[in-house]
Amino acid sequence: MAKTPAAAASSSAKKTPAKSIAAGGGIVASSSKFKKTPRTKQAHPKKSPAEEVDAAITVSETTLYEDETRKFYSRIQFVPRGDKFMKSDPLSPPAFGDGETWRVAIGDLVCIENPPPKKSRSSSSSRDDTPAGKSSRKATASTQEPPFAVGWRPCQILSLFREKRRDKTTNKLSTKKRYRVGGPLRMEVRWFYRRADLDGRNRRYEESLSKEGGAKKKEEESRELFETGRVSVVDASSLLGRLALNCHTDDPLGHPVPTAVRPCHRYYLHEEQDIVEILHKKKNGMARTGLDCSELLLQHGEGARKAAYGYLGLVPPKGDHDDDGAEEGISLVTLPPPIKTINYAKGKSSAYYASCTLAHPWSQLSHADLLCPRSGRGAFPPWELCAGDVVALHCEESTPAADADVVVGRDQWYPYCVPWTHGQVTAIFKDVDASASKGGDSTSVVEASSLFCEVRWFQRLAEAQAECQKKKVLQFLKDISENTKRTSEVILEGKQVHTLSFDSLLGPVLIEEAKNSKNDPTRDDANLVLPTSFLIQNRRTVSDDVYCDEKGNPTMGRAMIDLDPSLRVDRGMDASKRFKKHDQDVILKAVLRGREERIVRMRERAPLRAAKVDAMVSTETL
């Protein structure tokens, strides 16, 4: 049996008469070779800053889950760090933390002190995905935002745990209740990004939008946070205070710690470097999204996940994705009354439509389960397609993006799971019997496979460079392709047309320059007001210098009118092979009217949509 320090000292005193135990606990010698030492306090190992703060954290009595490597907790009691809170009056006492404790639980939104500079991480930690923006690289005065006097980061707690370590003397796992051998209490957190944490392209785009809205809008949007799926493991000693999202009724002074209130309506896909707006928010929706991102819970298996989800009143997903293996039904399209029916040779007739409404092809869309779970897709805003829209089209012979448009780690066909390219819808039609040439006067629902669209191809820069034979044009395209200061991928307007089934349609494409058009709004790109702003925007810019001719060869525009964005719908109709001049004029007029009506509809819905999102998000558990 190992001796205690006191017993060992007593034994030593008996075997060596020349030595005795000093009154203060130190060992002294009566021999002249040794001098008496002054009485001193018993030395104790110096604690790290994390352990000193951790000593003030009380683990909840109920353990959430425990296995051979970690012990997880559902909540902790934390003593507020009043010295880190910002005070309006330096001489006044802190407004928070006066003898109160703060209860923190998994799923909570919190603010933590900026993590220290990255060093070598222990093998037991999850990967470090601390945001790379300047606000995390250096905790300077510029990152010290109220209500804290230090640089801080917003995040969500996914798990609270202590690691277990083997007892070297017994070669067994430690069973001490205090778990001191396991080190400090730690947290797995999911980061919320600030604008400074976004990639350069999205940051420049967001800043350009803020400039258009004035100083007030710029200030408000600069405070916006973005949900992410990035996780890290940090010490619980870095906890500072609460985080409230879109919650204007929250009382910041009604808690033992300060509360940072920030807007947050969008999700940043870090690997894809893209921003999407999430519509399906409901109570505990953000808690579920967070737990779905947890790497530790996934590592520790079904038992850990079941315990964590159950604590928050949720049911864990059956797999990595709820919708895997689920089949979609037949895709249906809702058609308005046709604008014209044209009779062709050999008794064939086609009915033409200015617009239609269809469901989104969820099975082809990346992150479909994040954007909207299957249970909510029936109520999801449908895709309102108008002739003249630029869309994404399934095409196996497509050429992926290159140069500055390549994002390392992102699938080359993002945001879809299949090869695709760009095109403008120049006609929406279906074949009908000649006897029905007058058309109907009511809406109808048809299968997507029975409906067709004529499209005008828009090439990617990589495809155009492969086809280009002119050195001057090729160098011009190369310069654009390698330009890293762009805010979106550039595509080239073309004149080649082709007829496709509606099954080839994947989704809308947002054309950037639409917001700058100074001409008739009915001729602006269809996505001036995004009818599907809840989905991935798929943002693009159409070159105003180069286009592709009837053979697909890149050509420099000879005049401004050749690529005037306000006349893009007109040029699409001109390129169509399905209309004669008289029919084209009738259909173009109806298309422009339909596009104008859609813009009015979308603008009327925008405030309601924003209010709905605010109401949904404000019900989150904070």
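Residues numbered from 1 in each chain as written. Predicted model: local features only at pLDDT ≥ 70, side-chain atom pairs only at ≥ 80, totals over all residues. Heavy atoms only, no water.

Asks: When you look at helix H6 (residues 285–293) in this model, what are you seeing that I'm missing?
Replies: For an α-helix, 3.6 residues make a turn, and residues three or four places apart therefore share a direction. The buried count for H6 comes to 7 of 9 residues, which makes it a mostly enclosed element. Turning to H6, its buried residues number three or more, namely Gly-285, Met-286, Ala-287, Thr-289, Gly-290, Leu-291 and Cys-293. (Buried < 20%, exposed > 50% of the residue type's maximum accessible area, 1.4 Å probe, protein only. Helix = DSSP H or I, 4+ residues; strand = E, 2+ residues; numbered from the N terminus.)

Asks: Would you take a moment to explain the packing of aromatic side chains for this structure?
Replies: Pairs of aromatic rings are described using the distance from one ring centre to the other and the angle between the two planes. A full pass over the atoms with the stated rule returns 11 aromatic pairs. Ring centres of Phe-429 and Phe-452 lie 5.9 Å apart, and the angle between their planes is 25°; on these two criteria the pair is classed as stacked. Placement of the pair is Phe-429 in strand S24 (residues 420–432) and Phe-452 in strand S26 (residues 452–460), with a sequence separation of 23 residues. Among the aromatic side chains, those forming a connected cluster through ring pairs are Tyr-352, Phe-429, Phe-452 and Phe-579. The ring of Trp-152 has Arg-194 sitting right over it, with the charged end atom 4.6 Å from the ring centre. Directly above the ring of Tyr-205 sits Arg-539, whose terminal nitrogen or CZ lies 3.8 Å from the centroid. (Phe/Tyr/Trp six-rings, centres within 6.5 Å; stacked < 30°, edge-to-face > 60°. Lys NZ or Arg CZ within 6 Å of the ring centre and 35° of its normal.)

Asks: It is not clear to me how the confidence of the model for the protein should be interpreted in this structure. Could you clarify?
Replies: Interpretation of this model should avoid reading the predicted coordinates in detail wherever pLDDT is low. For the protein, per-residue confidence averages 77 on the pLDDT scale, and residues scoring 70 or more make up 68% of the total. In the predicted structure, residues 514–532 sits below a pLDDT of 50 and forms 51 contacts with residues beyond four places in sequence or in another chain. Taken as a whole, residues 608–622 scores under 50 in pLDDT and shows 33 contacts with residues more than four places along the chain or in a different chain. (pLDDT = per-residue confidence, 0-100. Contact = heavy atoms within 4.5 Å.)

Asks: Looking at this model, I keep getting lost on the pairing of strand S31 (residues 539–548). Mind explaining?
Replies: Where a strand is regular, its side chains alternate between the two sheet faces. Counting buried residues along S31, 7 of its 10 residues qualify, which places the element largely inside the surrounding structure. Pairing analysis gives 4 bridges linking strand S27 (residues 489–493) to S31, with the strands arranged parallel. When the sheet's bridge partners are listed, Ile-491 is paired in S31 with Val-542. Of the pairings in the sheet, the one linking strand S30 (residues 510–511) to S31 comprises 2 bridges and is parallel in character. Across the sheet, Leu-510 pairs through a bridge with Arg-539, a residue of S31. Alignment of S31 against strand S32 (residues 554–556), held across 3 bridges, turns out to be antiparallel. For Val-546, the partnering residue across the bridge sits in S32 and is Met-556. As consecutive antiparallel partners, S31 and S32 are separated by 5 residues, and within that stretch Gly-552 has a phi angle of approximately 85°, a positive value. (Pairing = 2+ DSSP bridges.)

Asks: Explain the sheet that holds strand S21 (residues 355–358) here, please?
Replies: Strand pairing in a sheet relies on backbone hydrogen bonds, with the paired strands running either antiparallel or parallel. Reading across the sheet, the 4 strands line up as S22-S21-S18-S25 and stay open at both edges, with antiparallel pairing between neighbours. The strands lining the two open edges of the sheet, one partner per strand, are strand S22 (383–386) and strand S25 (444–447). With direction set aside, neighbouring strand axes in the sheet form an average angle of 30°. The sheet contact formed by S21 and S22 spans 4 bridges and is antiparallel. (Axes fitted to C-alpha atoms, helices over the stretch in contact; angles between N-to-C directions.)

Asks: Which parts of the structure should I look at to understand the pattern of salt bridges?
Replies: Any two side chains of opposite charge can pair if their charged atoms end up close together. Applying the stated criterion across every chain, the model contains 25 salt bridges. A salt bridge links Lys-164 to Glu-66, with the nearest nitrogen and oxygen atoms 2.5 Å apart. Placement of Lys-164 in the loop between strand S9 (152–163) and strand S10 (166–167) and of Glu-66 in strand S4 (residues 63–66) is noted, with a sequence separation of 98 residues between them. A relative accessible area of 17% places Lys-164 in the buried class. The class of Glu-66 is partly exposed, set by a relative accessible area of 38%. (Salt bridge = Lys/Arg side-chain N within 4 Å of Asp/Glu carboxyl O.)

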